[in-house]
Amino acid sequence: MSKTEQQKSTAADEGIKQLVSTLPTKPDCNSTTNLLYQYQGFWYHQFYLEHLIAAQTHFTPEPNSTILCSYPKTGTTWLKALSFAITTRTHYPPSQSPLLSRFPHDCVLARNKLLVATHIPYTSLPAAAAAASGCKLAYICRDPKDVVVSLWQFQRKQKKEDDDDGDADMGIEEAFEQFCEGNSVAGPYWDHVLGYWRASLEFPERVLFVRYEELKRETERCVKALADFLGCGFSLEEEKQGIVQGIIDLCSIESLKGLDVTKNGRFAPTESMPSFYRKGEVGDWRNFLTEEMGARLDKIMADRFAGSGLGLWFSASNQETTN
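Predicted model only: the values in this text are computed from it and were never measured.

A. Region of the structure containing the overall build of the chain. Secondary structure summary: the chain contains 15 helices and 9 strands in total. Here the chain, with 323 residues, has 50% of them falling under the buried criterion. When contacts within the chain are restricted to residue pairs at least 6 apart in sequence, long-range pairs at least 24 apart make up 71% of them. Roughly 15,500 Å² of accessible area belongs to the chain as shown, and the carbon and sulfur atoms make up 52% of that amount.

Structure, rendered in structure tokens:
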């Protein structure tokens, strides 16, 4: 990078920091030392937000690339693993996949230029990455009751590994209130989901809307649909050879949790690999939230999704967790 380019980059970074300093803030109940900043209707920590703003200006996807989109703790790692295994299966059969020795996030980041992943809401995506630009987007969503529990568990694990700030452990009640108020990281959750849902209705050929619960219940059908969307559907011969099931087995939470790279690796200095995996079960929220809390969150989502067409999805999701 030339001296002029370095100066421009430094100026751009300072401009972003200046912008962030003017935004509304709220305390993050998960930490007494971190603030959440509101930008374009959503809440972020400063480090992530600065990178988001930079991406809005500078990010350009590769031709024919697909962006894997999600709200945190909705099945992100599973979607990445499946997408990587599907798109690279002619280079790496399941028994030789880089997923056996590298974390799915790392595989997508470093080994597949046609896959990109983000938690950015649809309305804040860089212009070059929006569905209207011709880019493909695969979005995974999940029952919000399971999301709030999974997000809380993830944050607790991170705090136990990085307790230098002396923050008290956040209880599930605090995390639940923050989520219901729409003030959790990358929240409000309902607006995050609605952005991609509406895009999938407007651009059905370029936005795939995946339900975590369906992926759990009908894994083979959903994996085939994902492969078709990614432009590399399975042939009949591959199905006969068990390639589809091989990918499903490779990418299962049980398989990924048991790998040495998961048990001993780190995704970032403050994020250990094991914290990215827990149970992955549908309806596990009942072990942490009361029925009253569940009903309250259901009501919030029903109100927010009213008139969007997501009501049927939400009703089906609730029925699955009660059966």
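Read on for the rest.
B. Region of interest: the packing of helix 7 (residues 189-202) against helix 14 (residues 291-305). Between helix 7 and helix 14, the least distance of the axes is 10 Å, while the angle of their chain directions is 40°. For the element pair helix 7 / helix 14, the angle class is oblique. As for how helix 7 packs across helix 14, the hand of that crossing is right-handed. Taken together, the residues of helix 14 that come into contact with helix 7 (itself represented by Tyr189, Trp190, Val193 and Leu194) are Ile300, Met301, Arg304 and Phe305.

C. Quick peek at the sheet that holds strand 6 (residues 136-141). Taking strand neighbours across the sheet as the criterion, the 4 strands line up as 5-4-6-7 in an open arrangement whose pairing is parallel. Looking at strand neighbours, the two that pair on one side only are strand 5 (115-118) and strand 7 (207-211), the edges of this open sheet. Across this sheet, the average inter-strand angle for adjacent strands is 20°, counted without regard to direction. Direction of pairing for strand 6 relative to strand 7: parallel, over a ladder of 5 bridges. Bridge pairing links Ala138 to Leu208 in strand 7. Sheet strands touched by helix 3 (residues 76-87): strand 4 (66-70), strand 5 and strand 6. Its angle to strand 4, the strand with the most contacts, is close to 160°.

D. View of the packing of aromatic side chains. Tallied over the full model, the rule gives 11 aromatic pairs. On the numbers, 5.6 Å between centres and 70° between planes, the contact of Tyr122 with Tyr196 is edge-to-face. You can see Tyr122 sitting in the loop between strand 5 and strand 6 and its partner Tyr196 sitting in helix 7, a full 74 residues away along the chain. Note on accessibility: Tyr122 and Tyr196 belong to one class, buried. Ring centres 4.2 Å apart and planes at 10° place the aromatic pair Tyr139 and Tyr196 in the stacked group.

E. Seen up close, unusual backbone geometry. With an omega of 10°, the peptide bond running from Gly187 to Pro188 counts as cis. Note that Pro188 resides in the loop between helix 6 (172-180) and helix 7. The backbone phi angle of Ala186 is positive, close to 70°, even though this residue is not glycine. Residue position: Ala186 is located in the loop between helix 6 and helix 7.

F. Main features of the pairing of strand 4. Among the 5 residues that make up strand 4, 5 are buried, leaving the element largely enclosed by the rest of the structure. Because side chains alternate across strand 4, one face comprises the buried residues Thr66, Leu68 and Ser70, and the other comprises Ile67 and Cys69, equally buried. Where strand 4 lies against strand 6, 5 bridges are found, and the strand directions are parallel. Residue pairing across strands places Ser70 opposite Ile140, the latter belonging to strand 6.

G. Structural view of helix 14. Look at helix 14: 21 Å from first C-alpha to last across 15 residues, which is about the 21 Å you get at 1.5 Å a residue. Directly after helix 14, the chain includes Gly307, whose backbone phi takes a positive value near 80°.

H. Structural context of helix 11 (residues 243-250). Inspection of helix 11 places Val244, Gly246, Ile247, Ile248 and Leu250 among the buried residues, and these make up the whole buried set. Buried-residue contacts for helix 11 involve helix 3, helix 9 (219-229), helix 10 (236-240) and helix 12 (253-257).

I. Expanded view of empty space enclosed by the protein. Taken as a whole and assessed by the stated rule, the structure comprises 2 cavities of 30 Å³ or more. Looking at the largest cavity, its volume works out to about 70 Å³. Forming the walls of the largest cavity are Asp28, Val148, Leu151, Trp152, Gln155, Met170, Ala175, Gln178, Phe179, Ser184 and Val185. Broken down by secondary-structure element, the contributors of at least two residues to the lining of the largest cavity are helix 5 (144-161) and helix 6. When residues in the lining of the largest cavity are grouped by element, the largest group, 4 residues, is from helix 5. Partitioning the lining of the largest cavity into residue classes produces 7 nonpolar, 3 polar and 1 charged.

J. Looking closely at the nonpolar core. Formed by 53 residues in total, the largest nonpolar core has its most connected members in Tyr122 and Leu137. The dominant element in this core, judged by the number of residues it contributes, is helix 7, at 7 residues. Apart from residues lying up to four places away in sequence, Tyr122 is in contact with Ala130, Ala131, Ala132, Leu137, Gly195, Tyr196, Ala199 and Phe203. Leu82, Val108, Ile140 and Leu230 belong to the second largest nonpolar core, which has 32 residues in total.

K. Examining the side chain of Ser184 more closely. Note that Ser184 resides in the loop between helix 6 and helix 7. When residues no more than four places from it in sequence are discounted, the contact partners of Ser184 are Trp43, Tyr71, Leu151, Gln178 and Phe179.

Calculation criteria
- Residues numbered from 1 in each chain as written.
- Predicted model: local features only at pLDDT ≥ 70, side-chain atom pairs only at ≥ 80, totals over all residues.
- Heavy atoms only, no water.
- Helix = DSSP H or I, 4+ residues; strand = E, 2+ residues; numbered from the N terminus.
- Buried < 20%, exposed > 50% of the residue type's maximum accessible area, 1.4 Å probe, protein only.
- Contact = heavy atoms within 4.5 Å.
- Areas by Shrake-Rupley, 256 points an atom, 1.4 Å probe, with all protein chains shown as cover.
- Axes fitted to C-alpha atoms, helices over the stretch in contact; angles between N-to-C directions.
- Parallel < 35°, antiparallel > 145°, perpendicular 65-115°, else oblique.
- Left-handed = near helix turned anticlockwise from the far one by under 90°.
- Pairing = 2+ DSSP bridges.
- Phe/Tyr/Trp six-rings, centres within 6.5 Å; stacked < 30°, edge-to-face > 60°.
- Expected span 1.5 Å × (residues − 1).
- 1 Å grid on protein atoms, 1.4 Å probe; cavity = no way out; pocket = protein on both sides within 12 Å on 5 of 7 lines; lining within 4 Å.
- Points joined across faces, edges and corners; volume = space filled by probe spheres on them.
- Nonpolar A, V, L, I, M, F, W, Y, C, P; charged D, E, K, R; others polar.
- Core = buried A, V, L, I, M, F, W, Y, C linked by side-chain atoms within 4.5 Å.

Keep in mind that these numbers describe shape and distance, not what the molecule does.
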